[in-house]
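Now for the letters of each chain:
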Amino acid sequence: MAFASRFGRVFTGPSPLCSQFSSVRLNSTLTSPKLFISGLSRETTDEQFKEAFNPFGQIVEAKVIRDRATGRSKGFGFVTYTSIEEAEKAKEEMNAKFLQGWVIFVDPAKPREPRPPSRSESGSSETGFRTNKTVGWCG
């Protein structure tokens with residue numbers, strides 16, 4: 001009989017505990033006024049990017065990330081607002097919307113992770129020359 005009553009709850013709807021967790025998930029707030037935007041067109045400029053996010057509040061910085069070698073957009077960027085409320089509004093309004101024919105996604109920006117030292121720094125000596133670790137001659 002206990003099994004039947006528990007089984008019946010599955011079909012009657014979510015328990016109050018589940019509904020509390022789902023409301024927390026849906027009402028999550030940002031912890032930083034910086035947003036990460038992915039799915040940008042390769043032709044999107046910094047000015048167009050800033051113009052698209054300008055209606056939602058005062059922007060501190062809007063930057064499309066570019067490849068160092070080619071100068072082409074990498075397809076993502078960051079927008080920083082003056083307040084978390086403005087960033088939340090922009091996230092709600094611009095997520096999964098079209099910008100220059102591409103669907104963009106707006107997420108909270110995560111802090112930058114520390115990188116390991118580059119290979120040129122780890123293999124160089126105090127004179128600036130790299131040590132060749134090849135043994136023998138091939139040729």
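Parameters at a glance
- Residues numbered from 1 in each chain as written.
- Predicted model: local features only at pLDDT ≥ 70, side-chain atom pairs only at ≥ 80, totals over all residues.
- Heavy atoms only, no water.
- Helix = DSSP H or I, 4+ residues; strand = E, 2+ residues; numbered from the N terminus.
- Buried < 20%, exposed > 50% of the residue type's maximum accessible area, 1.4 Å probe, protein only.
- Lys, Arg positive; Asp, Glu negative; His and termini not counted.
- Salt bridge = Lys/Arg side-chain N within 4 Å of Asp/Glu carboxyl O.
- Contact = heavy atoms within 4.5 Å.
- Arc of directions from axis to C-beta.
- Pairing = 2+ DSSP bridges.
- Axes fitted to C-alpha atoms, helices over the stretch in contact; angles between N-to-C directions.

Trainee: Please explain the side chain of Glu 86 as it appears in this structure.
Mentor: Relative to the helices and strands, Glu 86 resides in helix α4 (residues 84-94). For the buried Glu 86, which has no salt bridge, the nearest side chain bearing the opposite charge is Lys 89, at an N-O separation of 8.5 Å. Glu 86 has contacts with Phe 56, Gly 57, Gln 58 and Tyr 81, leaving out every residue within four places of it along the chain.

Trainee: Help me out: how do you make sense of helix α3 (residues 46-53) in this one?
Mentor: Quick reminder: α-helices carry 3.6 residues per turn. Residues three or four places apart thus point the same way. For α3, every residue scored as buried is listed here: Phe 49, Ala 52 and Phe 53. One face of α3 carries all of its buried residues, which in axial projection span an arc of 90 degrees. Opposite its buried face, α3 presents the exposed residues Glu 47 and Glu 51, each directed more than 90 degrees away. The inward-facing, buried residues of α3 contact β1 (34-38), β2 (59-66), β3 (73-81), α4, β4 (97-99) and β5 (102-108).

Trainee: Looking at this model, I keep getting lost on the sheet that holds β1. Mind explaining?
Mentor: By definition, the strands of a sheet pair up through backbone hydrogen bonds, in either a parallel or an antiparallel sense. Read from one edge to the other, the open sheet built from 5 strands follows the order β2-β3-β1-β5-β4, with strand pairing classed as antiparallel. Both outer strands of the open sheet, β2 and β4, are each paired with one neighbouring strand and no more. In this sheet, neighbouring strand axes are inclined to one another by 30 degrees on average, regardless of whether the strands run parallel or antiparallel. In the sheet, β1 pairs with β3 via 5 bridges, with the strands oriented antiparallel. Looking across to β3, one finds that Lys 34 is bridged to Thr 80. Each of β1, β2, β3, β4 and β5 is contacted by α3, which is oriented at about 135 degrees to β2, the strand it contacts most. In the packing of α4 onto the sheet, the strands contacted are β1, β3, β4 and β5, and the crossing angle to β5 comes to about 150 degrees.

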